[in-house]
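The chain contents come next:
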Amino acid sequence: MALYGQRKTIPVLYEKQILIALNFFPELQHDKIIFRVKHTYTSLCSKPNLVSVLRNSKHRTYLVTISDTTDKVLTLILFKNLHFNAQVGVIGHEIGHAFDFSQKNTFGLVRIGLGNLSQKFLDRFKYRTDNICIAHVSGYQLLSWSIYVWKILMNENWNRADSIHQLMKRER
């Protein structure tokens, strides 16, 4: 906590998993990241705080939201229902987003925001984030999460929470 918990708000319930994942990203040691548990549809999400988008990357705040409720179909993949290694992996993925955001200027962040409207952009964005995790040596934990999701949802073409009720035509 003394090394990687600086400028971080971490829910006590998930402190160990988050600190292990933060350990893979020493570049973010001094960045402000708020981890929060909240009622949202998507099991996890990361974004820069809207006000801090206009700031220099050293002065931004990043939000990582861990949902405690979701659609009935997705309940088994809620963070609280994952095994420990999968929790570290998916948190590592979300921290990977924060790392990616920290490398962008304001225009780059706006581009990501607008890019969320494109499925093709989202595919590349998620792929890039997974590569960031692998480069930061947290790929094993990320793979653990991915395998767990595939098994639980029995859907090898897992796309994202927003499209769980749609027929998958391609693999992300």
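Everything that follows concerns the structure shown earlier in this document.
As the structure is a prediction and not an experimental result, all values here were calculated from the model.

(A) Representation of the sheet that holds strand 3 (residues 44–48). Read from one edge to the other, the open sheet built from four strands follows the order 1-2-4-3, with strand pairing classed as mixed. Edge strands, defined here as strands with exactly one partner in the open sheet, are strand 1 (8–9) and strand 3. Note that strand 3 and strand 4 (residues 61–67) share five bridges and pair antiparallel. The residue bridging leucine 44 from the neighbouring strand is isoleucine 66, located in strand 4.

(B) Structural view of the packing of helix 1 (residues 15–23) against helix 2 (residues 84–102). Where helix 1 contacts helix 2, the axes come no closer than 8 Å and their chain directions differ by 50°. Classified by the angle between their axes, helix 1 and helix 2 sit oblique to one another. With respect to the hand of their crossing, helix 1 and helix 2 are arranged in right-handed fashion. In contact with Lys16, Gln17, Ile18, Ile20, Ala21 and Leu22 of helix 1, helix 2 contributes Phe84, Gln87, Val88, Ile91, Gly92 and Ile95. Each residue belonging to the contact of helix 1 with helix 2 can be placed in one class, and the counts come to eight nonpolar, three polar and one charged.

(C) Helix 5 (residues 139–153), seen in detail. Its 15 residues give helix 5 an end-to-end C-alpha distance of 21 Å, which sits within 8% of 21 Å, the value for a rise of 1.5 Å per residue. Those residues of helix 5 lying buried are Gly139, Gln141, Leu142, Ser144, Trp145, Ser146, Tyr148, Val149 and Leu153. Close packing links the buried residues of helix 5 with helix 2 and helix 4 (119–135). At the C-terminal side of helix 5, methionine 154 shows a positive phi close to 50°.

(D) Quick look at the environment of leucine 153. Looking at where leucine 153 falls in the secondary structure, it is placed in helix 5. Once the C-alpha coordinates of leucine 153 and isoleucine 77 are considered, the two residues, 76 residues apart in sequence, prove to be 8.5 Å apart.

Conventions and cut-offs
Residues numbered from 1 in each chain as written. Predicted model: local features only at pLDDT ≥ 70, side-chain atom pairs only at ≥ 80, totals over all residues. Heavy atoms only, no water. Pairing = 2+ DSSP bridges. Helix = DSSP H or I, 4+ residues; strand = E, 2+ residues; numbered from the N terminus. Axes fitted to C-alpha atoms, helices over the stretch in contact; angles between N-to-C directions. Parallel < 35°, antiparallel > 145°, perpendicular 65-115°, else oblique. Left-handed = near helix turned anticlockwise from the far one by under 90°. Contact = heavy atoms within 4.5 Å. Nonpolar A, V, L, I, M, F, W, Y, C, P; charged D, E, K, R; others polar. Expected span 1.5 Å × (residues − 1). Buried < 20%, exposed > 50% of the residue type's maximum accessible area, 1.4 Å probe, protein only.

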